[in-house]
Amino acid sequence: MRNRRAGLAKVVACTAVLAAVTAACGSGGSGASPDGKVELTVATFNEFGYEELFKEYEAANSNVKITHRKTGQGNPHHQNLFTKLGAGSGLADIEAVEEGYLSQVMAKSGQFNDLKEIGPADVRADRWLQWKTDAVTSKDGKLIGYGTDIGPLAMCYRKDLFEAAGLPSDPEGVKALFATWDAYFEAGDKYVKATGKPWFDSAAQIFNPMHNQAKTGYFDRDDKLVIETNDDKKIWQQVTGAVARGQSAKLVAWSPEWQNGFKQSAFATKTCPSWMLGVIEGNAGPEHKGHWAVTAAFPGGGGNWGGSYLTVPKQSKNAKEAAKLAAWLTAPEQQIKAFVAKGTFPSQTQALISPELLNKTNDYFGGEKVGLLFAEQANKVAGAQYKGPKDGEIQDNVIAPALQAVEQGKTAEEGWQQVVEGAKKAAK
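Reading the values: rules and limits
Every residue gets a number counted from 1 within its own chain, in the order that chain's sequence is written. Only residues with pLDDT of at least 70 are given local features in this predicted model, and only at 80 or more are side-chain atom pairs given and counted; all residues enter the totals for whole chains, interfaces and linings. Note: side-chain values were computed over all heavy atoms of the structure, leaving out hydrogens and water. Cavities and pockets were defined on a 1 Å grid built over protein atoms only: a cavity is a set of grid points that admits a 1.4 Å probe from which the probe cannot escape, a pocket is an open set flanked by protein on both sides within 12 Å along at least five of seven lines, and lining residues are those with an atom within 4 Å of any such point. Grid points are joined across faces, edges and corners, and a volume is the space filled by probe spheres set on the points. Residue polarity is assigned by list, with Asp, Glu, Lys and Arg as charged and Ala, Val, Leu, Ile, Met, Phe, Trp, Tyr, Cys and Pro as nonpolar; anything else, Gly included, falls into the polar class. Helix and strand assignments follow DSSP, with helices taken as H or I runs no shorter than four residues and strands as E runs no shorter than two, numbered in order from the N terminus. Only protein chains enter the accessibility calculation, which uses a 1.4 Å probe. A residue is then buried if its area is under 20% of the maximum for its type, exposed if over 50%, and partly exposed in between. In this description, contact between two residues means that some pair of their heavy atoms is separated by no more than 4.5 Å. For helices, the fitted axis covers only the stretch in contact; all axes are lines through C-alpha atoms, and the angles between them, taken along N-to-C directions, range from 0 to 180 degrees. To sort the angles, those under 35 degrees are grouped as roughly parallel, those over 145 as roughly antiparallel, those from 65 to 115 as roughly perpendicular, and the leftovers as oblique. Here is the rule for handedness: rotate from the far helix to the near one, and if that takes an anticlockwise turn smaller than a right angle the crossing is left-handed, while a clockwise turn gives right-handed. In this scheme, strands are said to pair when DSSP sees at least two bridges between them. As used here, the term nonpolar core means buried Ala, Val, Leu, Ile, Met, Phe, Trp, Tyr and Cys residues forming a set that is joined through side-chain atoms within 4.5 Å.

A. Fine view of the layout of surface pockets. In this model, the largest pocket occupies a volume close to 940 Å³. Forming the boundary of the largest pocket are 45 residues, of which A135, A384, Q385, Y386 and K387 lie nearest the centre. Among the residues making up the lining of the largest pocket, the classes are represented as 15 nonpolar, 18 polar and 12 charged.

B. Broad picture of the environment of G290. Residue position: G290 is located in the loop between α11 (276-284) and β7 (292-295). Residue G290 is classed as partly exposed on the basis of its relative accessible area, which comes to 34%. Discounting residues that sit within four places of it in the chain, G290 has contacts with K159 and Y364.

C. Layout of the packing of helix α8 (residues 204-213) against helix α16 (residues 391-407). Orientation of α8 relative to α16, taken along the N-to-C sense of each, is 130 degrees, at an axis distance of 10 Å. Considering the angle they form, α8 stands oblique to α16. Taken as a pair, α8 and α16 cross one another with a handedness that is right-handed. Contacts from A204, F207 and N208 in α8 reach Q395, I399, A400 and L403 in α16.

D. Representation of the pairing of strand β4 (residues 94-98) in the model. Within β4, five of the five residues are buried, which leaves the element mostly enclosed by the surrounding structure. Across the two faces of β4 the burial is the same, with I94, A96 and E98 and E95 and V97 all buried. Pairing geometry for β4 and strand β8 (residues 304-311), over four bridges, is antiparallel. Bridge pairing in β8 places E98 opposite S308.

E. The nonpolar core, seen in detail. One finds F178 and W199 to be the most contacted residues of the largest nonpolar core, which totals 82 residues. Among the elements that line this core, the one with the most residues is α16, at seven residues. Within the second largest apolar cluster, 41 residues are counted, among which are F48, V97, V136 and I144.

F. Summary view of empty space enclosed by the protein. Tallying each qualifying case throughout the model produces two cavities of 30 Å³ or more. Taken as a whole, the largest cavity spans an internal volume of roughly 80 Å³. Forming the boundary of the largest cavity are F48, Y50, T148, D149, L329, Q335, A338, T344, F345 and P346. Among the secondary structure elements, those contributing two or more residues to the lining of the largest cavity are β5 (145-158), α13 (332-342) and β9 (345-346). Of the residues that constitute the lining of the largest cavity, the class distribution is six nonpolar, three polar and one charged. Space inside the second largest cavity adds up to approximately 30 Å³. Along its surface, the second largest cavity is lined by W128, K132, T133, V136, L143, G145, Y146, G147 and Y309. Contributions of two or more residues to the lining of the second largest cavity are made by α5 (130-134) and β5. No other element matches the three residues that β5 contributes to the lining of the second largest cavity. Taken together, the residues that form the lining of the second largest cavity break down as five nonpolar, three polar and one charged.

Rendered as structure tokens:
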């Protein structure tokens, strides 16, 4: 799931992954610029919608100069972050962190400032949705980051393909099909029987949100691997059972084949965080305008896929000024401006009731009020699942390959053994 921004930007501005980085990437917060201003460096990736906001902040704070380090993709940004954490120098005053890498950052929480201590006194934790703040709060109660965007989950589906299969196709009528995972897979069986075509794009794109809804993830809060005793085997059996019944298109997410699958009508449903709307439109193309729809429902309740945080590493030479800027960038007013600029969905409670957000529509999806729809979905998320330090590695390098192996012919039981063995190896 850490690929949530993949494909949204093609130019990598800075791909340094070594401790000895080039001048193009800078060397950390410099403290002060030659003209005596406080110089703050901000490192982000892909599109946060901050370009105009930086200008606005500088205009209102004449003593501050902002230098933006913008990397085109998330992986090199985070590789650079972890390399410089290990080196002990070179980080920006503000470092963006995507949720897929958050468990690794929380494992090094001692290297980041507690924003409860250095941040503006008027910034309250309830500024954000509770689960957004919980995910970035350390075991000893330190707030490591301010929440930026989120990716509340709904379901997207092809109206025309549903109609051809004899299924309801209007956004209200389909909600019953997406009420629970059992209902979702049951509808998938009906679709496959009626059409002979796949129901969803890939097993991994179904397993991951199901896993993230569970009370306990791959690790308990003592960082003990619990994959053999939590709900994952049951989830595995549900997903691989659907694969065996022909529901998966067996496409690897973000691959050229997956991208082309939208245009070729290779599947009828898609787990759909708010940012996925743009991905669908870009891949499906204008010929499918009006065919895709989105509904305010997600099996099992709510869920989230994607979103980031702004952190202030202890390497910063201007930590309090950096925290002040990070607090401003993540305030409701600025989150709405970023949403308008780049479509990043707000995580602030006040931003989620903004008329500008709630009245936002999407013509490609039939004029649906997508702002209101995803705001409702954001409030359905039950809580933040604890992520252990190797959580992302297990998800990306163990679960996904094992599911792909099952899609290519390995038995579900063989695939599960691959998961257990791989998870134990990764957790060492």
